[in-house]
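# Coordinate inspection notes
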Amino acid sequence: MPIPLRTFNPALRDDEQAPLMLHAARPADDPTIAMLLNAHSMVLLGGPHALMDDRGRLRHARYTPGTPDRALVTTPDGEAVAYAFCSSEAPFIVTEVGGVVHPAYRRRGIGTALLRWAERQARATLAAAPADAHLVLNAHCYDVDQGARALLGQEGYHPAREWIHLTVTLDEPPPAPVWPAGVTVRELDPRTDWPRVGPALDEAFMDHWGQLNMPPEPAPAPDPPADEQPSTEAAIEDDPYFNSAGLCFVVMHGDEVVGSCLCNAHTIEWPDVGRVGSLSIRRPYRRQGIARALLHHAFGAFYRRGVRRIVTDTDGASFTGANHLYAQVGMSIYRRELTFERTLRPGREWRAMHAEG
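Overview of the structure. (Residues numbered from 1 in each chain as written. Predicted model: local features only at pLDDT ≥ 70, side-chain atom pairs only at ≥ 80, totals over all residues. Heavy atoms only, no water.)

## Section: helix α6 (residues 290-304)
Since the α-helix advances by 3.6 residues per turn, residues separated by three or four positions end up pointing in the same direction. Here α6 contains 15 residues, and its C-alpha end-to-end distance of 21 Å stays within 8% of the 21 Å for a straight helix at 1.5 Å per residue. Of all 15 residues that make up α6, 12 are buried, and the element is covered over most of its length. Immediately beyond the C-terminal end of α6, within one or two residues, lies Gly-306, with a positive phi of roughly 90°. (Helix = DSSP H or I, 4+ residues; strand = E, 2+ residues; numbered from the N terminus. Expected span 1.5 Å × (residues − 1). Buried < 20%, exposed > 50% of the residue type's maximum accessible area, 1.4 Å probe, protein only.)

As structure tokens, then:
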């Protein structure tokens, strides 16, 4: 049921103020959400950050974990003016919040009201989190978004991390990869490789800022009956925006998974630009040139497809040195993004907040 949202339009007298309404967003609202996201990003960055794909799914440039609570703000006549989300997943230690206000409706307190709505949603998960854990709200914005930065500061958030977005243009074929003895690379087949590649990727990313260092989870429930499992075709669908077929690679040393590189054939912002979505090397195999070789291998695959520009993003102060690696293969920074954080409940820090050693 829609609820009134207290805001103020400085262009109107008190008796002319029309209440805005906050609604729970539904899948049918996805095209409207895409419109709001793009109205914001076009002004801020000069390009779209959302689209509806050819299967009617909302695609957003920022991945959101879990299944978010989503809200739309509308005028009394139904015009959508803002969007917000609150998303978390077990063990509910970090809750991500975010949203946008249409440029024509800024400076009316809508963003403030939505941040507070998101906090109320997050507090509903407190009982499900570990009793001793430090619980936080995370919000992301680009460094050029002065309005968002000011709003987050006013609401008690502080800058916690900077992420760098990097790009390279391939004017000629990239260098041939040089692999250590016994190390091989091949295209990843999700039907057979993912049961081993997935855990190896999780292991590698445990060395990244903010990753959870939690006790082992209980064993998963038994697999559903065969007629309830997703079809093989759905599981290996060629997704140009996420882990694209032919652009995902696994590195092996004998029968052991060393690491992986998962790439996207397109980006939402630039359809002719490819993206390195994930690069991971397990700790025992680092500092051997494998990550550099894997990037050169991926760049070569992009080049053969006719993709000349590639982007990625990484922690600006990466514990594993990924920020330096990307610079070494010719990538340069074109954008910066910030993570802001606010404590929801003090307690034990379960996240990796400092490099080991």
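## Some words on helix α1 (residues 30-45)
Between the first and last C-alpha of α1 there are 21 Å, a value that for 16 residues agrees with the 22 Å anticipated at 1.5 Å per step. Burial in α1 covers these residues: Asp-30, Ile-33, Ala-34, Leu-36, Leu-37, Asn-38, Ala-39, His-40 and Ser-41. On its buried face, α1 sits against β3 (50-52), β4 (58-60), β5 (69-74), β6 (80-87) and β7 (94-101). (Contact = heavy atoms within 4.5 Å.)

## Things to note about the nonpolar core
If you look at the biggest cluster of nonpolar residues, it comprises 32 residues, and the most contacted ones within it are Val-97, Ile-110 and Tyr-157. Mapped by element, the contributors of at least two residues to this core are β2 (20-24), β5, β6, β7, α2 (110-123), β8 (135-142), α3 (146-154) and β15 (332-345). No other element matches the 6 residues that α2 contributes to this core. Those residues in contact with Tyr-157, other than ones at most four positions away along the chain, are Val-97, Leu-115, Leu-137, Ala-139, Leu-152, Phe-340, Glu-341 and Arg-342. One finds Leu-166, Val-168, Leu-279 and Phe-302 within the second-largest nonpolar core, a separate group that totals 31 residues. (Core = buried A, V, L, I, M, F, W, Y, C linked by side-chain atoms within 4.5 Å.)

## Description of the environment of Ala-118
Looking at the secondary structure, you find Ala-118 in helix α2. For the pair Ala-118 and Val-97, spaced 21 residues apart in sequence, the C-alpha to C-alpha distance is 6.3 Å. For Ala-118, the contacting residues outside a window of four places in its chain are Phe-85, Cys-86 and Val-97.

## A closer look at unusual backbone geometry
The omega angle of the peptide bond from Ala-90 to Pro-91 is 10°, so this bond is cis rather than trans. The backbone of Arg-107 sits at a positive phi, close to 65°, despite the residue not being glycine. With respect to the secondary-structure elements, Arg-107 resides in the loop between β7 and α2. The phi dihedral of Arg-287 falls on the positive side, at around 65°, and the residue is not glycine. When you line up the elements, Arg-287 lands in the loop between β13 (273-281) and α6. Note on Arg-287: relative accessible area 69%, which makes it exposed.

## Side note on the pattern of salt bridges
As a working rule, side chains carrying opposite charge can pair if their charged atoms are close by. A full pass over the atoms with the stated rule returns 23 salt bridges. Of the charged contacts, one joins Glu-337 and Arg-62 as a salt bridge, the two residues approaching to 2.2 Å between their closest N and O atoms. In this pair, Glu-337 sits in strand β15 while Arg-62 sits in the loop between β4 and β5, placing the two residues 275 residues apart along the sequence. Accessibility expressed as a relative area gives 6% for Glu-337, which makes it buried. Owing to a relative accessible area of 26%, Arg-62 belongs among the partly exposed residues under this scheme. For Glu-341, the salt bridge goes to Arg-351, with nearest N and O atoms at 2.9 Å. Taken as a pair, Glu-341 in strand β15 and Arg-351 in the segment after β15 lie far apart in primary sequence, 10 residues in all. The burial state of Glu-341 is the same as that of Arg-351; both residues are buried. (Salt bridge = Lys/Arg side-chain N within 4 Å of Asp/Glu carboxyl O.)

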